[in-house]
Amino acid sequence: MYSRIAGTGSYLPEKVLTNHDLEKMFDTSDEWIRERTGIGQRHIAAEGQTTVDLGLEAARRAMAAAGVAPEDLDLIVFGTTTPDQVFPNCGTLLQERLGGHSFPAMGVEAACSGFIYALSIADKFVRLGDAKCALVVGAETLSRIVDWTDRGTAILFGDGAGAVVLKATEEPGIISTHLRSDGAYKDLLYCPVGPSKGFAPDASGRTPMFIHMAGNEVFKIAVKSLGSIVDETLAANGLDKSAIDWLVPHQANIRIIQATAKKLDIPLERVILTVHEHGNTSAASVPLALDAGVRSGQIKRGDLLLLEAFGGGFTWGSALIRY
Ligand code: ACO
């Protein structure tokens, strides 16, 4: 038994914050941001609009594309780093919003790799016969934990959601998933507060509910880790890199994406690129790009896709998929 992607969906909040808007907030320029990151704008959730609100829109679109009703679902796995509340988890909150009952629904926290982790978990439920129709969501309201005075991080992140419906099938589908993490890098990219550690102000008197990042080091390790996970994925399946039809990468930075594409000898024409449109949306980024590729008609049934992501932890991972 395998799982296959039966439908994709995504959602971006209405409000757009352009690089020119950021120029008015701190010392930066559209040119600098585009050149270093490829980002032109990011979407920002409206006041009161939560991660589950975003995930719900993406889920509805994925379910419509798959021809699936809420009562058909038997699993929800929801990847996010910015949950609505500590508990219930976002998967369960989404289940309630969809009108579902009693099947398992969970949240997965793996920073920007959250969707790949969620996809891998759902795939294993389906392979083991524990689910036949799973909803996998990656959604974030990262704007809530961005320090909007820090030009080193504020230029990068945005809000959004993406989702896929997985159905059980006898032919893959999801061929393999590969997950990695290494907490030795916990101090390079993190948000330092939580219910257990507390929310006390830092030395400067600010509540530090912000993303902290050593951008340069993150950049180098991301390039290296994504290069090796791509190699590992191809080797595990006895494939040459020329077999990949589409690279669907985590949309963090165009230069990281270019480095992975180069490693695969894939021209950028065969890479799904949406980073200019929404910046780094963490767990939402890969399913947003996947949905864009499917809806634009670039990705077609039967194509071989390589999805990859890298994020805080560090966590990283990949999925090889016959679409
Ligand atoms: N506008 C203008 N100048 C800036 C800005 C800005 N927004 N940010 C930094 N600078 C300046 C710095 O102050 C520095 O100036 P100096 O030389 O006078 O000291 C100069 O630009 C170079 O700074 P660096 O930090 O070395 O710039 P770099 O080329 O590394 O680019 C960036 C910074 C874009 C953050 C890059 O390191 C990066 O993209 N890193 C990866 C980050 C990432 O993708 N993280 C997410 C992956 S994991 C996840 O998704 C959670």
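The structure we're discussing is the one just above.
I will try to describe carefully the structure that is included in this document. What you are looking at is a predicted structure, and each value in this text was computed from that prediction instead of being measured.

Conventions adopted
Residues numbered from 1 in each chain as written. Predicted model: local features only at pLDDT ≥ 70, side-chain atom pairs only at ≥ 80, totals over all residues. Heavy atoms only, no water. Axes fitted to C-alpha atoms, helices over the stretch in contact; angles between N-to-C directions. Helix = DSSP H or I, 4+ residues; strand = E, 2+ residues; numbered from the N terminus. Parallel < 35°, antiparallel > 145°, perpendicular 65-115°, else oblique. Left-handed = near helix turned anticlockwise from the far one by under 90°. Contact = heavy atoms within 4.5 Å. Nonpolar A, V, L, I, M, F, W, Y, C, P; charged D, E, K, R; others polar. Buried < 20%, exposed > 50% of the residue type's maximum accessible area, 1.4 Å probe, protein only. Arc of directions from axis to C-beta. Polar contact = N/O pair within 3.5 Å; in protein donor to acceptor, adjacent residues only side chain to side chain. Core = buried A, V, L, I, M, F, W, Y, C linked by side-chain atoms within 4.5 Å. Near = heavy atom within 4 Å. Areas by Shrake-Rupley, 256 points an atom, 1.4 Å probe, with all protein chains shown as cover.

What follows covers the packing of helix 3 (residues 51-66) against helix 4 (residues 90-98). Where helix 3 meets helix 4, the axes come as close as 10 Å, and the angle between the chain directions of the two elements is 60°. By the angle class used here, helix 3 and helix 4 are oblique. For the pair helix 3 and helix 4, the crossing hand works out as right-handed. Contact residues: helix 3 offers Val52, Asp53, Gly55, Leu56, Ala59 and Met63, while helix 4 offers Cys90, Leu93, Leu94, Arg97 and Leu98. Of the residues belonging to the contact of helix 3 with helix 4, the class tally is eight nonpolar, one polar and two charged.

A few words now on helix 8 (residues 254-263). The set of residues buried in helix 8 consists of Ile254, Ile256, Ile257, Thr260 and Ala261. Buried residues of helix 8, seen end-on, are gathered within an arc of 160° and therefore sit on one face of the element. On its buried side, helix 8 packs onto helix 2 (30-37), helix 7 (215-236), strand 11 (246-249), helix 9 (275-278) and strand 12 (304-311). With a side-chain oxygen positioned 2.7 Å from the backbone nitrogen of Arg255, the residue opening helix 8 is Asn253. Directly beyond the C-terminal end of helix 8, a positive phi value near 55° is found at Asp265.

Another point: the nonpolar core. Generally speaking, a soluble globular protein has its nonpolar side chains buried in company with each other. If you look at the biggest cluster of nonpolar residues, it comprises 39 residues, and the most contacted ones within it are Ile211, Ile244, Leu247, Leu264, Leu306, Phe310 and Phe314. Of all the elements in the fold, those that place two or more residues in this core are helix 7, helix 8, strand 12 and strand 13 (315-322). A per-element tally of this core places helix 7 first, with seven residues. If we ignore the near neighbours within four places in the chain, the residues touching Phe310 are Cys112, Ser113, Val218, Ile221, Ala222, Ser225, Leu226, His250, Thr315 and Trp316. Core analysis: the second largest hydrophobic core is formed by 32 residues, Val108, Val136, Leu166 and Leu307 among them.

Around the ligand lies a shell of 23 residues, among which Thr28, Arg36, Cys112, Asn253 and Asn280 are the nearest. Within the side chain of Thr28, one N or O atom sits 2.7 Å away from a nitrogen atom of the ligand. Side-chain polar atom of Arg151 to an oxygen atom of the ligand: 2.9 Å apart, as the coordinates give it. The protein chains hide 72% of the 1,000 Å² of surface that the ligand would expose on its own. For the shell around the ligand, the secondary structure elements donating two or more residues are helix 2, helix 6 (151-154), helix 7, helix 8 and strand 12.

Our next topic: the side chain of Gln251. Tracing the chain through its elements places Gln251 in the loop between strand 11 and helix 8. Among the residues examined, Gln251 registers a relative accessible area of 0% and is labelled buried. Within the local environment of Gln251, its side chain forms a polar contact with the backbone oxygen of Pro249, the two atoms lying 2.8 Å apart. Within the local environment of Gln251, its side chain forms a polar contact with the backbone oxygen of Ile272, the two atoms lying 2.9 Å apart.

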